[in-house]
Number of protein chains: 2
Amino acid sequence: MRVLHHYPLSPSSRLIRLYLSEKKIDFVTKLEVPWERNETYLKLNPSGDVPTLIDEDNTILCGANVIIEYFEELENNLSLIPGKVYEKSEVRRLIDWFERKFYHDVTFPLLNNRIIKRFVGEKNPSSEIIRGALQNLKIHLPYLEWLTENRKWVAGNEFSAADLAAASQLSVIDFMNDLNWFDYGEARAWYAKIKSRPSFRQLLSDEVEGISPPVHYNNLDF
Amino acid sequence: MRVLHHYPLSPSSRLIRLYLSEKKIDFVTKLEVPWERNETYLKLNPSGDVPTLIDEDNTILCGANVIIEYFEELENNLSLIPGKVYEKSEVRRLIDWFERKFYHDVTFPLLNNRIIKRFVGEKNPSSEIIRGALQNLKIHLPYLEWLTENRKWVAGNEFSAADLAAASQLSVIDFMNDLNWFDYGEARAWYAKIKSRPSFRQLLSDEVEGISPPVHYNNLDF
């Protein structure tokens, strides 16, 4: 059986759990805590980041991008980078945007200050960094609103891995109770659609030691 | 003619200049200074990052990953993500590793403190951050040494975009005179091979306002 090394609140891990479920590719999960720098895990994935997937033939696939491109090439039944070559570029652009830009500006600073610092016991959370990340969220959500207002799905007419990448980031922010939809009605309606997909259920029951999500987190009528 | 919006010391921009030259795809360059947040440019690429390529049919391609996957699909004459599906995964893994991990740990903090801060005139360079980045370089170079010792090219038997991604990061560090090969003979020999390729010549004549690279920078017998 395929084994996905993941951390529940890593957005890239969530992206791959959603992606594999949508493609109906079976896997079991193994918890990996990235900041513990587990030596055995570092041999699988020298970057130390999650996720890593060990395929049935023992092929080691490191990182969300590698895993997605691998299965897009192998399993053509349901493409999650769909369309012509320029439409695929738009899917990949938005995966990058959420996985790099949005994660760097919003998700990581919140995650680091609200959750990771509790576990590593290193420093106090920085309220300045949290404020900055929430400010960035208010800049980035209008872009998601624009995308969902003008398109059926985030990257165009087809449901794609870009929707999963976006929803993965937002779900982690929502777990920390930092997601406020303000006036973003289209983005909110889009998120409600994603949240009600069967693939999303596994994320809604995630537990993190000592930390509870807000009540609305696993409510489909949030 | 294709237009590549780039910044000379952005490793992702260098990766694409090398990539297009290796594939014999013609392009002209347009200078984009990422921290100036040019409004016209932000309409092309909402992330504000470089590179962005405008193809001949006006398709807009944002970011190194998107550009590479686009041309890998369109131009099959010379593949720079070569091999079977698992070999391609190794190329993609290493592109990610250099573009994300190595850039985050080494290239960006050096670039930000040695170059960008001069132009934005914001804060003094942090010698602590520079020391940390150089320390990270001493951790990451042995990995490159291991790769080049055990393989013909960085990702395996074939020359690939992973070699270009690695060389792009190193060339920016070398421009800042922060590259010391210590005892890394195999990595150094690999870098000398890449540096002597015709595609690399354009990088060696790059000029950045007011900043000169060290004498050995454009020397093929460094």
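No experiment lies behind these values; they were computed from the predicted model shown.

Trainee: Teacher, can you tell me more about the overall build of chain A here?
Mentor: Each helix and strand counted, chain A has eight helices and four strands in total. Written out in order from the N terminus, the α and β elements of chain A read β-α-β-α-β-β-α-α-α-α-α-α. For 222 residues, the compact-globule estimate of 2.2 N^0.38 gives 17 Å, and chain A sits close to it at 17 Å. With respect to the three principal axes, the spread of C-alpha positions in chain A is 45 × 45 × 30 Å. Looking at chain A as a whole, 57% of its 222 residues qualify as buried. Here the contacts in chain A between residues at least 6 apart in sequence split such that 68% fall between residues at least 24 apart. With the model as given, the accessible surface of chain A reaches about 10,100 Å², and the carbon-plus-sulfur share is 47%. Considering chain A, the positive charge centre built from 27 side chains and the negative charge centre built from 32 side chains are found 2 Å apart.

Trainee: Please clarify how the interface of chain A and chain B should be interpreted in this entry.
Mentor: Interface extent is often summarised as the accessible area lost during association of the parts. Across the boundary between the two partners, chain A contributes 23 residues, which contact 23 residues of chain B. Together chain A and chain B conceal approximately 2,300 Å² of surface at their shared face, both sides included; 58% is due to carbon and sulfur atoms. Broken down residue by residue, the surface that chain A buries against chain B is led by A:Val85, A:Arg92 and A:Arg100, which jointly contribute 21%. Taken together, chain A and chain B are joined by two salt bridges. Between B:Glu73 and A:Lys88 there is a salt bridge whose closest N-O contact spans 3.2 Å. The interface formed by chain A and chain B contains six residue pairs in polar contact (both at pLDDT 80 or more). Residue assignment for the side of chain A that touches chain B shows that the elements contributing at least two residues are β4 (60–62), α3 (64–74) and α4 (85–120) of chain A.

Trainee: Explain the nonpolar core to me, please; I cannot follow it from the model alone.
Mentor: Generally speaking, nonpolar side chains in soluble globular proteins are found buried as a group. Counting residues in each nonpolar core, the largest one holds 71 residues, and the members touching the most others are B:Phe71, B:Phe98, B:Leu144, B:Leu170, B:Trp181, B:Trp190 and B:Tyr191. Ranked by residue count, the leading element in this core is helix α4 (residues 85–120) of chain B, at eleven residues. Two domains each provide a minimum of three residues to this core, namely domain 1 (3–74) and domain 2 (85–218) of chain B. Core analysis: the second largest hydrophobic core is formed by 70 residues, A:Phe102, A:Leu147, A:Trp153 and A:Leu179 among them.

Trainee: Got a minute to help me understand the pairing of strand β2 (residues 28–31) of chain B in this structure?
Mentor: On a regular strand, each side chain points to the face opposite its neighbour's, so the side chains alternate between the two faces of the sheet. Residues and elements named next belong to chain B. In the sheet, strand β1 (residues 3–6) pairs with β2 via four bridges, with the strands oriented parallel. By the bridge assignment for β2, Val3 is matched with Val28. Once the chain exits β1 it traverses helix α1 (residues 11–22) before rejoining the sheet at β2, and the crossover so formed is right-handed.

Trainee: What is the right way to look at the packing of helix α6 (residues 161–175) of chain A against helix α7 (residues 185–195) of chain A in this model?
Mentor: Axes are the key here: two packed helices are described by the angle between their axes and the distance separating the axes. Residues and elements named next belong to chain A. Running from amino to carboxyl end, α6 crosses α7 at an angle of 95 degrees, the nearest separation of the two axes being 11 Å. Overall, the two elements α6 and α7 adopt an arrangement that is roughly perpendicular. Packed against α6, whose contacting residues are Asp163, Ala166, Ala167, Leu170, Ser171 and Asp174, the element α7 presents Trp190, Tyr191, Ile194 and Lys195 at the interface.

Trainee: Looking at this structure, I do not really get the packing of α1(B) against helix α6 (residues 161–175) of chain B. What am I missing?
Mentor: Residues and elements named next belong to chain B. Their axes nearest at 8 Å, the elements α1 and α6 cross at an angle of 130 degrees. Considering the angle they form, α1 stands oblique to α6. In this structure, α1 crosses over α6, and the sense of that crossing is right-handed. From α1, Pro11, Arg14, Leu15, Leu18, Tyr19 and Glu22 reach across to α6, where they touch Ala161, Leu164, Ala165, Ser168, Gln169, Ser171, Val172 and Phe175.

Trainee: Would you take a moment to explain the sheet that holds strand β3 (residues 52–54) of chain B for this structure?
Mentor: Strands belonging to one sheet form pairs held by backbone hydrogen bonds; the direction of such a pair is parallel or antiparallel. Residue and element names in this part refer to chain B. Pairing in this open sheet of four strands is mixed, and the strands run β2-β1-β3-β4 from one edge to the other. Two strands close off the open sheet at either side, each with one partner strand: β2 and β4 (60–62). Between one strand axis and the next, the sheet turns through 20 degrees on average, direction left out of account. Where helix α3 (residues 64–74) meets the sheet, it contacts β1, β3 and β4, and its direction lies at approximately 125 degrees from that of β4.

About the criteria used
Residues numbered from 1 in each chain as written. Chains lettered and ligands numbered in written order. Predicted model: local features only at pLDDT ≥ 70, side-chain atom pairs only at ≥ 80, totals over all residues. Heavy atoms only, no water. Helix = DSSP H or I, 4+ residues; strand = E, 2+ residues; numbered from the N terminus. Rg over C-alpha atoms; globule rule 2.2 N^0.38 Å. Buried < 20%, exposed > 50% of the residue type's maximum accessible area, 1.4 Å probe, protein only. Contact = heavy atoms within 4.5 Å. Areas by Shrake-Rupley, 256 points an atom, 1.4 Å probe, with all protein chains shown as cover. Lys, Arg positive; Asp, Glu negative; His and termini not counted. Charge placed at Lys NZ, Arg CZ, Asp CG, Glu CD. Buried area = accessible area lost by both parts, 1.4 Å probe. Salt bridge = Lys/Arg side-chain N within 4 Å of Asp/Glu carboxyl O. Polar contact = N/O pair within 3.5 Å; in protein donor to acceptor, adjacent residues only side chain to side chain. Core = buried A, V, L, I, M, F, W, Y, C linked by side-chain atoms within 4.5 Å. Domains from an automatic or database assignment. Pairing = 2+ DSSP bridges. Right-handed = clockwise from strand over helix to strand, strands pointing away. Axes fitted to C-alpha atoms, helices over the stretch in contact; angles between N-to-C directions. Parallel < 35°, antiparallel > 145°, perpendicular 65-115°, else oblique. Left-handed = near helix turned anticlockwise from the far one by under 90°.

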